Amino acid sequence: ITYNFGKKDAEEIQEDIIKSGGHCRILKITINKSLQLNLPDYDFNQMFYFASSKISQNKSSNFDNSMYKEFYRIYVQGFINLVELSIQKNVKCVFYPSTVFIDESNQMFQEYMKAKLEGELFCKKINKESKIIILHPRLPKMLTDQTASLISSDYSDVSKTIMPYLINMRDLS
């Protein structure tokens, strides 16, 4: 599982994978400005791309191109680089979580939604052209460090939401 921040969350997912009879390593990857990625020399068959910057709202009705470019850099270009490395390393399956924000069309997140939609399109393209399988579900809003708030809200249970995908990936690998 890759992460930049959220090591504890990655460890919890790792624990669930191990409890289910799987094997899991955790790798910190930072999508820096140069988009340089280095993967370790050991073998692995799955990658989980939970990359995320602060998902800010655009309170203006005008599309903010600079905000979009930052989302694109992380959710599309960083992911493309990771998939290219994954293909070289014969990774079997990659998890790219998308978002139900796309279905909700909340205009305050239009830059984020556009980048995630482009990430989904890349996933579909790779699934057609390559042996690697990319799962890219539109996940519901879950309680994370980004969604935590003093204001009460409904969230999907993280483990119940993610576990079916982990099982599916295990079966595909």
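Now for a quick tour of the structure. Every value quoted in this text rests on a predicted model; they were computed, and no experiment measured them.

Now for the overall build of the chain. Looking only at helices and strands, the chain has five helices and seven strands in total. The buried share among the 173 residues of the chain stands at 42%. Partitioning the intrachain contacts of the chain with sequence separation of at least 6 by distance along the chain shows that 66% fall at a separation of at least 24. Surface summary for the chain: the accessible area is close to 10,300 Å², and the carbon and sulfur share equals 51%.

The next subject is the side chain of E111. Structurally, the position occupied by E111 is in helix α4 (residues 110–129). For E111, which is buried and forms no salt bridge, the nearest opposite charge comes from K114, at a distance of 9.7 Å. Only 2.5 Å separates the side chain of E111 from the side chain of N58, close enough to count as a polar contact. The contacts of E111, once residues within four sequence positions are left out, are N58, N62, F63, D64, M67, Y68 and F71.

Here we take up the packing of aromatic side chains. Under the definition given, this model contains 15 aromatic pairs. An angle of 50° between the planes, with centres 5.9 Å apart, marks the rings of Y68 and Y72 as tilted. Separated by four residues within a single helix, Y68 and Y72 lie in helix α2 (residues 65–88), roughly one turn from each other. With centroids separated by 4.7 Å and ring planes inclined at 55°, the aromatic side chains of F101 and F109 adopt a geometry described as tilted.

Procedures and definitions
- Residues numbered from 1 in each chain as written.
- Predicted model: local features only at pLDDT ≥ 70, side-chain atom pairs only at ≥ 80, totals over all residues.
- Heavy atoms only, no water.
- Helix = DSSP H or I, 4+ residues; strand = E, 2+ residues; numbered from the N terminus.
- Buried < 20%, exposed > 50% of the residue type's maximum accessible area, 1.4 Å probe, protein only.
- Contact = heavy atoms within 4.5 Å.
- Areas by Shrake-Rupley, 256 points an atom, 1.4 Å probe, with all protein chains shown as cover.
- Lys, Arg positive; Asp, Glu negative; His and termini not counted.
- Salt bridge = Lys/Arg side-chain N within 4 Å of Asp/Glu carboxyl O.
- Polar contact = N/O pair within 3.5 Å; in protein donor to acceptor, adjacent residues only side chain to side chain.
- Phe/Tyr/Trp six-rings, centres within 6.5 Å; stacked < 30°, edge-to-face > 60°.

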